[in-house]
Amino acid sequence: MCMTRMSDVVSETPEDVPIEIRPMKAFPLIKDLVTDVSWNYEVAEKIKPINGPEEKNWEFNQMEADRIQHFRECIECFLCQNTCHVLRDHELFDDFAGPRNLVRLAQFEMHPLDTEDRIPEIKKDFGVEYCNITRCCTEVCPAGINITDDAIIPLKERIVDRYYDPIKMVWRKITGKKLRT
Ligand code: SF4
Ligand code: SF4
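Rules of the game
Residues numbered from 1 in each chain as written. Chains lettered and ligands numbered in written order. Predicted model: local features only at pLDDT ≥ 70, side-chain atom pairs only at ≥ 80, totals over all residues. Heavy atoms only, no water. Helix = DSSP H or I, 4+ residues; strand = E, 2+ residues; numbered from the N terminus. Buried < 20%, exposed > 50% of the residue type's maximum accessible area, 1.4 Å probe, protein only. Contact = heavy atoms within 4.5 Å. Areas by Shrake-Rupley, 256 points an atom, 1.4 Å probe, with all protein chains shown as cover. Lys, Arg positive; Asp, Glu negative; His and termini not counted. Charge placed at Lys NZ, Arg CZ, Asp CG, Glu CD. Axes fitted to C-alpha atoms, helices over the stretch in contact; angles between N-to-C directions. Parallel < 35°, antiparallel > 145°, perpendicular 65-115°, else oblique. Nonpolar A, V, L, I, M, F, W, Y, C, P; charged D, E, K, R; others polar. Phe/Tyr/Trp six-rings, centres within 6.5 Å; stacked < 30°, edge-to-face > 60°. Lys NZ or Arg CZ within 6 Å of the ring centre and 35° of its normal. Near = heavy atom within 4 Å. pLDDT = per-residue confidence, 0-100.

Across its full length, the protein holds ten helices and two strands. Counting from the amino terminus, helix and strand elements in the protein follow one another as α-β-β-α-α-α-α-α-α-α-α-α. C-alpha atoms of the protein, sized along the principal axes, occupy 70 × 35 × 25 Å. Here the protein holds 181 residues, and 34% of them are scored as buried. Partitioning the intrachain contacts of the protein with sequence separation of at least 6 by distance along the chain shows that 66% fall at a separation of at least 24. Just so you have it, the protein exposes about 11500 Å², and 53% of that area is on carbon and sulfur atoms. Taken as two groups, the 25 positive and 33 negative side-chain charges of the protein have centres that lie 6 Å from each other.

And the structure:
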């Protein structure tokens, strides 16, 4: 809504059709168009921050920077959360963090110098497996973030690597190394 010009809506709407503006449906209504989106920040607080080297001169290549820079363009409008049927229709707020928070998790997980392990929480607490890749969240993102393909699917792949790929499980047991993809 914050990115849409009323003049565009008016020009696309037939004269006798009323234009309806409604508050987001997935979150509790406070008043008029204002909803209480505090749940999103409560979930975000549970995400472990980046755990990188102590020295300040972090260096990594531009390709690695570009991969996560895209996620930082989120304006926290929460339209993706409102559109996702797992939250909006099924109300699985206790089990699923929603696309916005999965973008945040991907941003941290893909940081080239991060050493934190968030995979168990991404599976268990943040519920990435509830996403069935409908891509509705990506369609509504005003920041143009390719939420499903760039954030959620890579997180799902990491879950598969960790919990369901027997060869990689053996490799990890032998080497003790965190697999970066
Ligand atoms: S792709 Fe996943 S996170 Fe996005 S709207 Fe669909 S179910 Fe929700
Ligand atoms: S729709 Fe896009 S900009 Fe809005 S909260 Fe979701 S990821 Fe961020």
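Following the structure, the description resumes.
So, on to the packing of helix α9 (residues 147-163) against helix α10 (residues 166-175). To characterise two packed helices, one gives the angle between the axes of the helices and the distance between these axes. It is the contact of α9 with α10, at a shortest axis distance of 6 Å, that shows an interaxial angle of 70°. By the angle between their directions, the pair α9 and α10 is classed as roughly perpendicular. Where α9 abuts α10, its residues Asp 161, Arg 162 and Tyr 163 lie against Lys 168, Met 169 and Arg 172. Across the contact of α9 with α10, the residue classes tally to two nonpolar, no polar and four charged.

Aromatic ring pairs are described here by two measures, namely the spacing of the ring centres and the angle between the planes. Applying the stated criterion across every chain yields a total of six aromatic pairs. Where Tyr 41 meets Phe 78, the ring centres are 5.5 Å apart and the plane angle is 80°; that geometry is what we call edge-to-face. Separated by 37 residues along the polypeptide, Tyr 41 in helix α2 (residues 38-45) and Phe 78 in the loop between α3 (62-69) and α4 (79-83) bring together distant segments of the chain. Since its relative accessible area comes to 40%, Tyr 41 is described here as partly exposed. Clustering of aromatic rings is evident, with ring pairs tying together Phe 27, Trp 39 and Phe 93. Positioned above the aromatic ring of Tyr 163, the side-chain terminus of Lys 123 is 5.3 Å from the ring centre.

In the neighbourhood of ligand 1, 13 residues make up the surrounding shell, with Cys 84, Cys 131, Thr 134, Arg 135 and Cys 137 lying closest. Elements that contribute at least two residues to the shell around ligand 1 include exactly α8 (136-140) and α9. Its residues assigned to classes, the shell around ligand 1 comprises eight nonpolar, four polar and one charged.

On to the confidence of the model for the protein. Counting all residues, the mean pLDDT for the protein is 92, and 96% of those residues have values of 70 or more. In the model of the protein, α10 stands out as the element of lowest mean pLDDT, 78, in contrast to α2, which has the highest, 98.

As a structural note, the neighbourhood of ligand 2 is formed by Cys 74, Ile 75, Glu 76, Cys 77, Phe 78, Cys 80, Arg 100, Cys 141, Pro 142, Ala 143 and Ile 147. Across the shell around ligand 2, the residue classes tally to nine nonpolar, no polar and two charged.

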